[in-house]
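So the chains spell out like this:
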Amino acid sequence: MNRIVLAIGLGLAATPHAFAQVPVKDSANIAAAQEIERLSKQIQQDTSVVKDNVTKTLQAIVGDRTQDASQFAKLATGNGFSMGQAPDFNSILSSNQAVFGGISGQFQNTAAKLINGLNLVRMVVDTAKGGELSGANQAYSQGINALTTLTALTDAMNSATKDRQNSFIQATEKIGSAQDLKGALEQNTQMVLQGNQTANEAVGSLNNQVMLLNQQYKAALATSSQNLKTFATLPESVIRDGSSSTTETASVRDQLEAFEEQSQ
């Protein structure tokens, strides 16, 4: 009897322990947890990639790109002559000598040698006016000054054009070398500005041509005016009595005619 009671007691004591050791495994939950873990790692990787791309994009569109733009900063003018150094037209026409402004000395010397080689008379004095310059003589003097200045200016511009062409050719080899978008935009902007500067140089050249033509017309007009003055009709007072009070305003031809009449 005692043995039966002991066996039952031992059996009751061992029963809870036996149920606690039963293993439980939920395959569906484990698979879901593994998928969540995989997706979490993938999200972390994607986030890192997005972050890197955003950082690179930000760097590509902001910041200083002076080095990229400075490569094309002086294509139109370089270190040579530009129209900004040309003398003012008014100073050329109002001066008694050639005005060169910022034109280099080598071009000044070339122009001086060329003009001097033509053996042009610098100034023709009208003795009938007591040594004063007549309109034609003034235009002639201004014409020589303008011609000398514009000769030097043309020589300087031709030299600058050659330098500008070489600069643009060299620049084409650097296009596309920018490391990012902003650098390429800065290069493009600088190229546009240099193109506009080149166009402005061409406009300045045309203005010089217009000034030279205007000077030519001015000289022709002054010459025509002088010719009309020379062969103008002699006043009646001079023809009648040879009055000296109006002799200064009479033409050379009229003075000769009055002298002949008085001599007869």
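Residues numbered from 1 in each chain as written. Predicted model: local features only at pLDDT ≥ 70, side-chain atom pairs only at ≥ 80, totals over all residues. Heavy atoms only, no water.

### Quick notes on the pattern of salt bridges
Step number 1: Inspection of every chain in the model, using the stated rule, returns 5 salt bridges.
Step number 2: The closest approach of N and O atoms between E37 and K41, which form a salt bridge, is 3.7 Å. Here K41 and E37 lie together in helix α2 (residues 27–61), a separation of 4 residues that amounts to about one turn.
Step number 3: Since its relative accessible area comes to 45%, E37 is described here as partly exposed.
Step number 4: When its relative accessible area of 48% is taken as the criterion, K41 is described as partly exposed. (Salt bridge = Lys/Arg side-chain N within 4 Å of Asp/Glu carboxyl O. Helix = DSSP H or I, 4+ residues; strand = E, 2+ residues; numbered from the N terminus. Buried < 20%, exposed > 50% of the residue type's maximum accessible area, 1.4 Å probe, protein only.)

### What about helix α5 (residues 105–117)?
Step number 1: Helix length check: α5 (13 residues) gives 18 Å between terminal C-alpha atoms against 18 Å at 1.5 Å per residue, within 8%.
Step number 2: All of the buried residues along α5 are F107, A111 and I115. Viewed end-on, α5 has its buried residues packed into an arc of 65°, placing them on one side of the element. For α5, exposure combined with an orientation more than 90 degrees from the buried face picks out Q106, K113, N116 and G117.
Step number 3: Once α5 finishes, N119 follows within two positions and takes phi at roughly 55°, a positive value. (Expected span 1.5 Å × (residues − 1). Arc of directions from axis to C-beta.)

### Things to note about the side chain of Q194
Step number 1: Following the sequence through the fold, Q194 ends up in helix α7 (residues 181–230).
Step number 2: Once residues lying within four places of it in the same chain are set aside, the contact partners of Q194 are F72, A73, K74, L75, A76 and F168. (Contact = heavy atoms within 4.5 Å.)

### Topic: the side chain of Q190
Step number 1: Inspection of the secondary structure puts Q190 in helix α7.
Step number 2: Given a relative accessible area of 16%, Q190 falls into the buried group.
Step number 3: Ignoring any residue separated from it by four or fewer positions in sequence, one finds Q190 in contact with A69, F72 and A73.

### Some points on a nonpolar patch on the surface
Step number 1: There is a patch of nonpolar side chains on the surface, built from L58, I61, V62, L181 and L185 and spanning about 450 Å² of accessible area.
Step number 2: Within the residue set of the nonpolar patch, elements represented by two or more residues are α2 and α7.
Step number 3: Mapped onto the fold, L185 is located in helix α7. (Patch = residues over 30% accessible without salt bridge, like charges linked within 9 Å, V, L, I, M, F, W, Y side chains within 5 Å. Areas by Shrake-Rupley, 256 points an atom, 1.4 Å probe, with all protein chains shown as cover.)

### Considerations on the layout of surface pockets
Step number 1: In this structure, the largest pocket encloses a volume near 270 Å³.
Step number 2: Around the largest pocket, the lining comprises 17 residues; the ones closest to its centre are T154, M157, N158, S205 and N208.
Step number 3: Contributing elements (two or more residues each) for the lining of the largest pocket: α6 (135–172) and α7.
Step number 4: A per-element tally of the lining of the largest pocket places α6 first, with 9 residues.
Step number 5: Here the residues of the lining of the largest pocket are counted per class, giving 7 nonpolar, 8 polar and 2 charged. (1 Å grid on protein atoms, 1.4 Å probe; cavity = no way out; pocket = protein on both sides within 12 Å on 5 of 7 lines; lining within 4 Å. Points joined across faces, edges and corners; volume = space filled by probe spheres on them. Nonpolar A, V, L, I, M, F, W, Y, C, P; charged D, E, K, R; others polar.)

### Things to note about the environment of M157
Step number 1: Within the secondary structure, M157 sits in helix α6.
Step number 2: Linking M157 and A202, residues 45 residues apart in sequence, is a C-alpha distance of 9.7 Å.
Step number 3: Not counting residues up to four positions away in its chain, the partners in contact with M157 are F81, M83, E201, S205 and N208.

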